[in-house]
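Descriptive analysis of the structure
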Amino acid sequence: MMGMSWQEARGAVRGFIKRPGFAAITVLTLSLAMGANTAIFSVVDGVLLEPLPFPQSEELVSIRHDAPGLDMVGMPNAPGLHVFYSQASRSFDALAMYSARTATLAGETAPERVAIGRATPSLFHVLGAHPAMGRLFTEEEGIPGGPAVTIISDGLWAQHFDNAPDVVGRTLQLSGSTVEIVGVMPPNFSFPNPDIKLWTPLRVDPAGTDFGGFNFPAIGRLRDGVSVDQAQADLNALVPRFSELFPILFTPDMLANSGIAVDVDSYVDGLVGEVRPVLLVLLATVGFVLLIACANIANLLLVRAEGRSKEMAIRSALGASREHFIARYLAESFLLATLGATLGILVARSGLAVLLQMGPKNLPRLDQIGVDGSVLLFTGILTLVATLVFSAIPALRNRTVPVATVVRDGTRGATSGPQGNRLRSLLVASQVAFALILLVGSGLTLRSFFALQGVDPGFNAKDVLTFELALPSAGYSDIEARARFHTELVERIEAVPGVQVAGAVSHLPLWGMGSLDPLLVEGEPIDPDEIPPIVEMRAATPGYFEAMGIPLRAGRLLDRADTDTRTGAVLVSQHIVDSFLEDRNPLQHQVAQGIPLEHDPWSRIVGVVGDVHNATLTDEPMGAIYYPLVQGEGVDRSYLTQSMGYAVKTSVPPTSVVSAIRNELAQMDATIPMANVRTMEDRTRDARAPMAFTMLMLAIAAGVGLLLGAIGLYGVVSYVTAQRTREIGVRLALGAGQASVRGMIIRQGMVVTAVGLGVGLFGAYALSRFMGALLFQVDADDPFTFVSVALVLLLVSLVATWIPARRAASTDPVRALRWE
């Protein structure tokens, strides 16, 4: 049997050498389809399927809160709730909170902004992580007033300390404070993301009397035998007790009105939740491309098998068994599939690099993505399936042909009758159907992308440079000192040649959700049991709105006096006016933030500005209140000015003024680095990147599918037309016109197309239900897209059939009647 397999393999190789064009087209088609599938699967495997790099990672869960009554979902945890859950819940081995932020790291090199993680000491126990050197945080270090310590990453140890073995016990300057290094984590530890350079304690009062705010992501490890649903039920049973622990914040009626509930989910599911539908749709898309390619190759193999039917018949007459033919087809198919898969892996490696470069910047678990063993196994399975499919079709087809018929009639008529034509037409119809499904998906995302392009972000991103800087606590501990710094730096930046206007804000647009708090309007009584509407809050300098092109709708903008003399002035966005001050003059009202029983002093509205998409372009803008750098008497929003984003409007290329701005900053304080230096146009482009990425991938897949489908239809119509040359010659000799012959051939191709379109429209309608999460302002069953795609595919099919029809109509009847 092994000798037989080797013999058939050598025969397959010789056959392909004799027909290199057929082998090259087949392998190239298959390698592109397999390469695309392998590349996408490697991303799916790394992001969705690979377990987290922690012991028993399936026991890790995330904890969030939903408040449908406030239109808030996915809120993280609060310090007071963390203490309460840790003490009262029986479902967890441990609970932890963490956050990711940036800080200024100073040392022997120039100061730099680095990503740091803040975490309760319990985090490392939850993750089952241990240091490579030193120790973890103690409980004492995790409470207010605890020692200033840090645990550094392996990368920071190598970069800043040259892997010195005595690094534990040394100190770092972090945002102006001295912290002691107590441990070094191993190279494979990266939480919550690979950019984190070091970790500091997140300090929580163990008494749990300070609720804080829903500001910190939470993670827990389930006890043995406890399911996610059981843990969720356990925490939700504790929600009614919120009013006992925090009576000012949560009365029983307030809890009922807000509908607060705890959402416990698998941590990995929460981590990849936003990208899961995108990746699954892309995997299904390239799967359809592979099916189209397989149908195309099957048609090629079928035609090739029919061309060899006389050879096979003679072999059968000389005693070759059915198993011999099956082995021959298997050897040929396996060789084609193996070559296609091998080249496909090379295509996947190259394509994966491009894919990750073009993909969304927030794609999680990037360090897990690669062409590893599981991906190679996936490609191997594809190879085996392709082998079976390719070998089965010609083997089963030739099996039905009587030997005597082939020997008597020759190749032409033996295997190319109605049954062979029906099989080929069925394969082409499936290609048309799959191509239509791909085109519908691509069309829907294209319309979504154009809709997203048309969204007014509320600002003008053209010629605006942005950057971030954070002031260390040492030297900038009070709000007045921070206000003086930001005010002076803005003035210095505006004096730089090429700068038109500059401003600073506590949270630049499209940075994600910023600080939130309830809003109260003077004269609008709210029941103490109700939670006021939640709005965003910002601190801004006067020039910020002009630099960003945010329009003034009424009143005036903030000015220097509002900061210097604590006038208590604020700006509100148009959304607040439309929602809470409709048909009234907003400039005659005051607002405050907090809850009815405990809120800030009133601030007067001096102006109304346009709404801005501060979080994402796909979400409706929330209401926003803008404070001056120093707020009115009794209003303390000082934390807003610790880290500020700058917007610089220029009359020259924005990046050309970076060096001058950096020099001005260094003259004021050389220990403060500029971070995240980018143009606002780049930030806006990144906000559209996920939709653009999905659209591009689907468009490429749809284009390949359309091309393969058109080639398949053209090939079948051309082949069948060639088989009917004698018939066509007779028709022409008997007086049939060329238009009549063309119509006959085109109708033949259009029947196959119509069947494919019908099946494809049904399939596209069914599968588009799964694309809802990827679409923006477009329905999944958008009739315009479906009709347009069907017409495009119909037109392409018409061209693909018209070419062989035109050639058939110009057939010479005399030559056709002599044709064999």
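Structure first, text after, so check above.
For clarity, every value in this text was computed on a predicted model and none was experimentally measured.

Thresholds applied
Residues numbered from 1 in each chain as written. Predicted model: local features only at pLDDT ≥ 70, side-chain atom pairs only at ≥ 80, totals over all residues. Heavy atoms only, no water. Phe/Tyr/Trp six-rings, centres within 6.5 Å; stacked < 30°, edge-to-face > 60°. Helix = DSSP H or I, 4+ residues; strand = E, 2+ residues; numbered from the N terminus. Buried < 20%, exposed > 50% of the residue type's maximum accessible area, 1.4 Å probe, protein only. Polar contact = N/O pair within 3.5 Å; in protein donor to acceptor, adjacent residues only side chain to side chain. Contact = heavy atoms within 4.5 Å. Salt bridge = Lys/Arg side-chain N within 4 Å of Asp/Glu carboxyl O.

1. With respect to the packing of aromatic side chains
Enumeration according to the criterion identifies 17 aromatic pairs in this entry. Centroid distance Phe84 to Phe242: 6.3 Å. Interplanar angle 75 degrees. Geometry classified as edge-to-face. With Phe84 in helix 3 (residues 79-88) and Phe242 in helix 7 (residues 242-245), this pair connects stretches of sequence that are 158 residues apart. Residue classification places Phe84 among the buried residues on the basis of a relative accessible area of 5%. Site record: aromatic cluster; members linked through ring pairs are Phe54, Tyr98, Phe124, Phe137, Phe189, Phe191, Trp199 and Tyr267.

2. Some thoughts on the side chain of His65
Here His65 is to be found in strand 1 (residues 60-67). Reaching out from His65, the side chain makes a polar contact with the backbone oxygen of Pro76 at a distance of 3.1 Å. Ignoring anything within four residues of it in the chain, the contact list for His65 reads Val73, Gly74, Met75, Pro76, Asn77, Leu81, Tyr85, Phe214, Ala261 and Val262.

3. Here we look at unusual backbone geometry
Put simply, Phe191 and Pro192 share a cis peptide bond, and its omega is 0 degrees. You can see Pro192 is positioned in the loop between strand 8 (177-184) and strand 9 (196-201). A positive phi angle, near 55 degrees, is found at Asp162, a position not held by glycine. Following the sequence through the fold, Asp162 ends up in the loop between helix 5 (154-161) and strand 7 (171-174).

4. With respect to the pattern of salt bridges
Throughout the structure, instances matching the rule amount to 16 salt bridges. Note that Glu59 and Arg221 form a salt bridge whose closest N and O atoms lie 3.2 Å from each other. Here Glu59 is found in the loop between helix 2 (20-49) and strand 1, whereas its partner Arg221 is found in strand 10 (residues 218-222), with 162 residues between them in sequence. Arg538 is the partner of Glu536 in a salt bridge, and the nearest nitrogen-oxygen pair spans 2.9 Å. Members of the salt-bridge network, linked through shared partners, are Glu488, Arg492 and Glu664.

5. A closer look at the environment of Gly69
Assignment of secondary structure puts Gly69 in the loop between strand 1 and strand 2 (72-75). For the pair formed by Gly69 and Ser258, sequence separation is 189 residues and the distance between their alpha carbons is 4.1 Å. Leaving out residues up to four positions away in the same chain, Gly69 has contacts with Asn257 and Ser258.

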